[in-house]
Amino acid sequence: FYMKNNGRGHYCYYREELNHYFPNEALMEAHLHRAIELNELMIYFQPQVNLETNKIDSFEALIRWENRKFGMVSPAQFIPIAESSGLIISIGEWVLERVCQYQKEWRECGFKPVRVAVNISPKQFKQKSFVKRISALLKEYAIEPKYLELEITESSMTDLHETTSILKRLKEIGVYVSVDDFGTGYSSLSYLKEYPIDIIKIDQSFIVDIEKDQKNKAIVETIILLAQNLGLEVIAEGVEESGQEQFLRENNCQKVQGYLYNRPLPAKQIVEQYFH
Ligand code: C2E
Ligand code: CA
Ligand code: CA
Ligand code: CA
């Protein structure tokens, strides 16, 4: 807080972050409204490495927003705004369709099909039309369901009946479902028993200091074992150092993703580096 003279000899307390934060957020939301039509959104892809084969067998699609006024805005900044304003529905829809278009484009170029994981926000996941939309997109772009993965977080799984019904219908279609940021939500582990889930993504906060922190070591070892015992695939996120990879290898973690291998890359670079 600091004091500000309002020009008539009166002082009032002023909270600096509020002043910067709220107008900016409202302004950002106003710009975000037009991001799709102005063609400001892009999809980047981050490779996921299979530690058993040392090959890349999937990508995660990550949205990017380049705005005239704000420049490159991090999704960590604008996704929460999109969530609270409801814009996430149209943005999420755009991401899904764009990913399907890329899949079709790559197939038509003769590239070997690859699974792409798409982040799904809770609002999008709970939309009545969500499952139908997924099957319509797969049909429209002639994509085999096994090449689409949906990343949901524990915050999508608030209602047992609703979640079970959505996940069962997705299972029938045949797409993969992963739990993103595993272990950071407030859900009880019993959902792993109830829900047809395919993949656990170990949150990067457990990986970051895994070489030093005994507790994180124990947590990660245990998540990997849990996944194995439940017959789920497991992937560690945010792998930046070879020591972290070594630990994950020794503990039989199947897949890894992180700056150690690649940053998220634009489609053009993905094509040059991985499909040629
Ligand atoms: P997330 O889904 O947990 O994605 C992983 C984030 O970690 C990405 O940040 C990725 O670029 C970053 N990352 C990857 N490897 C490393 C590493 O080795 N070290 C570190 N420190 N970070 C790494 P990004 O792309 O900025 O996305 C942030 C979050 O925004 C995502 O977290 C996700 O929650 C959300 N997001 C991104 N794209 C979408 C989208 O299309 N739809 C929705 N609903 N959310 C999205
Ligand atoms: Ca994710
Ligand atoms: Ca994550
Ligand atoms: Ca995250």
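Everything below is about the structure printed above this text.
Residues numbered from 1 in each chain as written. Chains lettered and ligands numbered in written order. Predicted model: local features only at pLDDT ≥ 70, side-chain atom pairs only at ≥ 80, totals over all residues. Heavy atoms only, no water.

Chemist: I'd like to hear about the coordination of the calcium ion (ligand 2), residue by residue, with values.
Modeler: Geometry reference: four tetrahedral donors at a metal, ideal angle 109.5 degrees. Six octahedral donors, ideal angles 90 or 180 degrees. Protein ligation of the calcium ion (ligand 2) involves Glu60 (OE), Asn119 (OD1), Glu151 (OE) and Asp180 (OD), the donor distances falling in the range 2.1 to 2.4 Å. Each donor residue of the calcium ion (ligand 2) belongs to the same chain, and together they define the spacing E-x58-N-x31-E-x28-D. A gap of 4.0 Å separates the calcium ion (ligand 2) and the calcium ion (ligand 3), which Asp180 links by coordinating each metal. Here Glu60 is found in strand 4 (residues 55-67), whereas its partner Asp180 is found in strand 8 (residues 176-182), with 120 residues between them in sequence. When its relative accessible area of 3% is taken as the criterion, Glu60 is described as buried. (Donors = N, O, S within 2.8 Å, 3.2 Å for Na, K, Ca; no water. Helix = DSSP H or I, 4+ residues; strand = E, 2+ residues; numbered from the N terminus. Buried < 20%, exposed > 50% of the residue type's maximum accessible area, 1.4 Å probe, protein only.)

Chemist: I'd like to hear about the nonpolar core, residue by residue, with values.
Modeler: Judged by nonpolar contacts, the single largest core of 77 residues is most densely connected at Phe45, Trp106, Phe130, Leu170 and Leu248. The element contributing the most residues to this core is helix 3 (residues 88-108), with nine residues. Residue contacts for Phe45: discarding those within four places in its chain leaves Phe59, Glu60, Ala61, Tyr102, Trp106, Val116, Arg263, Pro264, Leu265, Ala267 and Ile270. (Core = buried A, V, L, I, M, F, W, Y, C linked by side-chain atoms within 4.5 Å. Contact = heavy atoms within 4.5 Å.)

Chemist: Describe the coordination of the calcium ion (ligand 3), with residues and values.
Modeler: For the calcium ion (ligand 3), the full set of protein donor atoms is Asp180 (OD), Asp181 (OD), Glu237 (OE) and Glu237 (OE), and the range of their distances to it is 2.2 to 2.8 Å. A relative accessible area of 26% places Asp181 in the partly exposed class.

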